[in-house]
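Coordinate inspection notes
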Amino acid sequence: MISKEIIDEIVMRNDIGNLIGSYVSLKRAGANLKGLCPFHSEKTPSFTVYPADNSFYCFGCGIGGDPITFIKKMEHLDYPDAVEFLAKRAGITIPDSQNQQYNSGPKIDKKRIYEMNVVAAKYFNANLFSNDPKAREALAYFTEKRGLSLSTIKHFGLGFASDSFDAFSKYMRARGYTYEELVAGFLCGKSEKGHYYDAFRNRVMFPIIDVSGNVIAFGGRVMDDSKPKYKNSSDTPVFKKSRNLFALNFAKNFAEDALILCEGYMDVIALHAAGFSNAIATLGTAITSEQARILSRYTGRIIISYDADEAGQKAAKRAMQLLGEVGLEVSVLKIPDAKDPDEYIKKHGRDNFAHLLKNTKSKFEYNVEGILGKYNVDLPQDKINAVADIVNLISEVYSSAERDIYISTIAQRLSVDAKSIKNDVDRLVARKTRTGRKNEEKRIKEATAGFSDRINPDFVKAPAIAKNEENVLGLLLLYPDKRKLAFRDKLLTSDDFFTEFNKRVFSFIEESYNAGDDSLERINEFFTPEETGRIIRMKLNRMALSATDDAVLYDGIDTLKKSIEKKEASKTNTFEVLDAILKRKRDG
Ligand SMILES: [Zn+2]
């Protein structure tokens with residue numbers, strides 16, 4: 001368990017405005033900051049950051065909390081990983097003994113897995129140069145078939161996994177690593193009969209390294225056409241596929257102008273070898289919005305270089321959308337006369353490739369090409385349809401200045417009057433804005449309505465009681481000195497709460513009080529971001545009321561107890577009546 005002091009320090013050292021500001025563009029609004037919520041889709045900001053008490057709350061979707069809550073939700077981390085993430089960000093080291101029990105298995109230590117991965121990477125690399133005939137084949141695959149130099153092999157730490165079920169695990173076990181650790185790190189598998197076997201066999205190996213330089217996983221590729229072509233580590237305690245990218249550890253230092261997003265490891269390596277050190281790839285899956293967000297930290301522009309085949313182009317479209325959503329400028333590289341960058345560079349040289357990079361098509365141009373490819377614009381009806389499709393495309397562009405640029409380009413290209421295109425676009429934009437706003441209102445309404453039920457389902461059963469509970473909880477949450485009054489004198493206990501959620505909140509405050517934790521730092525350990533959002537809202541509602549002297553607390557508790565008594569009374573009555581009816585029935 002990480003001590004309260006360290007969590008305190010981690011939360012303190014991660015200024016909430018600064019932290020959230022690195023994900024969301026925030027504008028000052030009085031003492032607070034406001035921006036568009038990253039957790040639900042909205043056009044007017046309802047996401048508010050309160051620097052004074054290091055918290056945030058979204059009035060649209062109800063998510064709120066402190067820096068740990070934000071990172072939990074934003075980076076899709078569980079509580080211990082979010083704490084570690086923020087510790088790293090603030091340059092705080094969590095003592096190992098405190099960290100250990102948070103790792104997934106009982107005996108699995110993340111540090112051990114990192115070390116084990118380095119040992120494994122070195123083993124695979126050395127194995128590539130061994131006398132095993134299959135290893136010689138592997139080396140030839142890299143050097144002859146793919147034309148890689150020995151220095152490139154060394155730079156990426158490439159290797160070879162032998163065609164054996166236990167050569168690798170025998171070696172690792174001799175080095176002191178247990179089967180549990182090897183399985184946890186996805187280096188060994190376990191059969192249904194309980195036999196352990198090497199996870200990677202007869203494959204050339206690509207170590208996957210995170211931006212901090214840790215070996216976190218491996219990818220293995222077959223050398224012939226057998227399937228599956230690539231095998232990648234599954235998620236492990238030190239690796240999440242959806243959050244990492246191949247070669248970003250190198251590319252991040254060359255990302256200023258742009259990053260080149262490739263399909264496979266070999267594309268990336270070929271590009272780096274040719275001097276394009278800003279190439280990266282996802283890890284055997286389509287790009288995720290998490291990866292898009294990560295990339296936006298390193299660059300403002302992505303050049304997508306996917307295969308020219310249908311699957312590649314479909315993936316490119318999807319990537320374009322995801323990358324565009326996080327504000328990245330996206331363009332697509334079209335490689336003429338070669339199936340991938342590697343082949344193109346071998347045929348035409350690196351200078352020509354650099355020239356291709358300079359002439360990539362913007363998302364808009366790319367989509368226009370797609371539309372024009374569908375029609376024969378020499379035929380009047382086709383031309384009308386093409387213009388209609390392009391008008392629709394332009395109407396999706398947010399900036400009106402940008403729209404005007406596209407309108408004049410298209411007008412010129414298709415010899416159509418720019419004014420008439422503009423009229424069509426304007427009409428469509430107006431219509432989309434209207435329906436867009438309506439849809440958004442509806443979405444927020446639904447989200448907030450569903451939300452209140454999900455967090456505290458008992459609320460609807462007794463709204464008056466629940467409100468009174470929240471009033472008292474708001475006071476206890478806001479004013480630590482009131483907790484002393486309530487708990488020391490046992491003014492109320494968890495039995496005084498009718499709704500389960502509020503009872504949990506009360507017990508949490510009480511337990512924190514008994515543990516001497518005034519700042520309620522452990523909140524993210526016990527509550528989800530949606531739940532901490534509700535707790536923040538109780539604070540905000542309470543903050544809107546001014547009186548804070550002790551009488552307010554006494555009064556709040558009194559009102560709560562009375563409302564519960566009333567409920568109890570009516571419940572008893574109902575049962576008594578029922579009882580009486582049943583009795584009468586029995587007696588005939
Ligand atoms: Zn929201």
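Before any of the text, the structure's been laid out above.
First, a word on what this report is: a plain description of the structure on this page.

What counts and what doesn't
- Residues numbered from 1 in each chain as written.
- Predicted model: local features only at pLDDT ≥ 70, side-chain atom pairs only at ≥ 80, totals over all residues.
- Heavy atoms only, no water.
- Donors = N, O, S within 2.8 Å, 3.2 Å for Na, K, Ca; no water.
- Tetrahedral: all angles 85-135°; square planar, octahedral: opposite > 155°, others 65-115°.
- Helix = DSSP H or I, 4+ residues; strand = E, 2+ residues; numbered from the N terminus.
- Buried < 20%, exposed > 50% of the residue type's maximum accessible area, 1.4 Å probe, protein only.
- Phe/Tyr/Trp six-rings, centres within 6.5 Å; stacked < 30°, edge-to-face > 60°.
- Lys NZ or Arg CZ within 6 Å of the ring centre and 35° of its normal.
- Pairing = 2+ DSSP bridges.
- Axes fitted to C-alpha atoms, helices over the stretch in contact; angles between N-to-C directions.
- Parallel < 35°, antiparallel > 145°, perpendicular 65-115°, else oblique.
- Left-handed = near helix turned anticlockwise from the far one by under 90°.
- Contact = heavy atoms within 4.5 Å.
- Nonpolar A, V, L, I, M, F, W, Y, C, P; charged D, E, K, R; others polar.

Cys-37 (SG), His-40 (ND1), Cys-58 (SG) and Cys-61 (SG) make up the full set of protein donors to the zinc ion, lying at 2.1 to 2.3 Å. For the zinc ion, the four donor atoms in the first shell make angles of 104 to 119° at the metal, so the coordination geometry reads as tetrahedral. Positions of the donor residues of the zinc ion, expressed as sequence spacing, correspond to C-x2-H-x17-C-x2-C. Of this pair, His-40 sits in the loop between strand 2 (32-35) and strand 3 (47-50) while Cys-58 sits in strand 4 (residues 55-58); the two residues are 18 residues apart in sequence, bridging distant segments of the chain. With respect to class, His-40 is no different from Cys-58; both count as buried.

With that settled, the discussion passes to the packing of aromatic side chains. Between two aromatic rings, the relevant description is the distance of the centres plus the angle of the planes. Considering all chains together, one arrives at 32 aromatic pairs under this definition. Cluster of aromatic residues (ring-pair linked, three or more members): Tyr-141, Phe-142, Phe-156, Phe-206, Tyr-230, Phe-246, Phe-250 and Tyr-265. Across the ring face of Phe-200, the terminal group of Lys-231 is positioned such that the distance to the ring centre comes to 6.0 Å. Above the plane of the ring of Phe-276 lies Arg-350, whose end atom (NZ or CZ) is 4.7 Å from the centre.

A two-sided burial pattern is seen for strand 4, the buried positions comprising Ser-55 and Tyr-57 on one face and Phe-56 and Cys-58 on the other. Taking the residues between adjacent antiparallel strands as the criterion, strand 3 and strand 4 are bridged by four residues, where Asn-54 takes a positive phi near 55°. Across two bridges, strand 4 lies against strand 5 (residues 64-65) in antiparallel orientation. Bridge assignment links Phe-56 to a residue of strand 5, and that residue is Gly-65. Connecting strand 4 to the antiparallel partner strand 5 that follows it, the hairpin turn spans five residues, and Gly-62 within it adopts a positive phi of roughly 85°.

Read from one edge to the other, the open sheet built from five strands follows the order 13-12-14-15-16, with strand pairing classed as mixed. Of all strands in the sheet, those with a lone pairing partner are strand 13 (279-281) and strand 16 (361-362), marking the two edges. Note that strand 12 (residues 259-262) and strand 14 (residues 301-305) share four bridges and pair parallel. Bridge assignment links Leu-259 to a residue of strand 14, and that residue is Ile-302.

A separate point is the packing of helix 6 (residues 110-128) against helix 9 (residues 167-174). Contact geometry of helix 6 with helix 9 gives a least axis separation of 11 Å together with a crossing angle of 130°. Taken together, the axes of helix 6 and helix 9 are oblique relative to one another. Along this stretch, helix 6 crosses helix 9, giving a crossing that reads as right-handed. Across the interface between the two elements, Met-116, Val-119, Ala-120, Tyr-123 and Phe-124 of helix 6 pack against Ala-167, Phe-168, Tyr-171 and Met-172 of helix 9. The residue inventory of the contact of helix 6 with helix 9, partitioned by class, reads nine nonpolar, no polar and no charged.

Running from amino to carboxyl end, helix 18 (residues 380-395) crosses helix 19 (residues 400-414) at an angle of 165°, the nearest separation of the two axes being 11 Å. Regarding the angle of helix 18 to helix 19, the classification is roughly antiparallel. Here the hand of the crossing between helix 18 and helix 19 comes out right-handed. Residues Lys-383, Val-387, Ile-390 and Ile-394 of helix 18 form the contact with helix 19, whose own contacting residues are Arg-403, Tyr-406, Ile-407, Ile-410 and Leu-414. For the contact of helix 18 with helix 19, a count of residues per class yields seven nonpolar, no polar and two charged.

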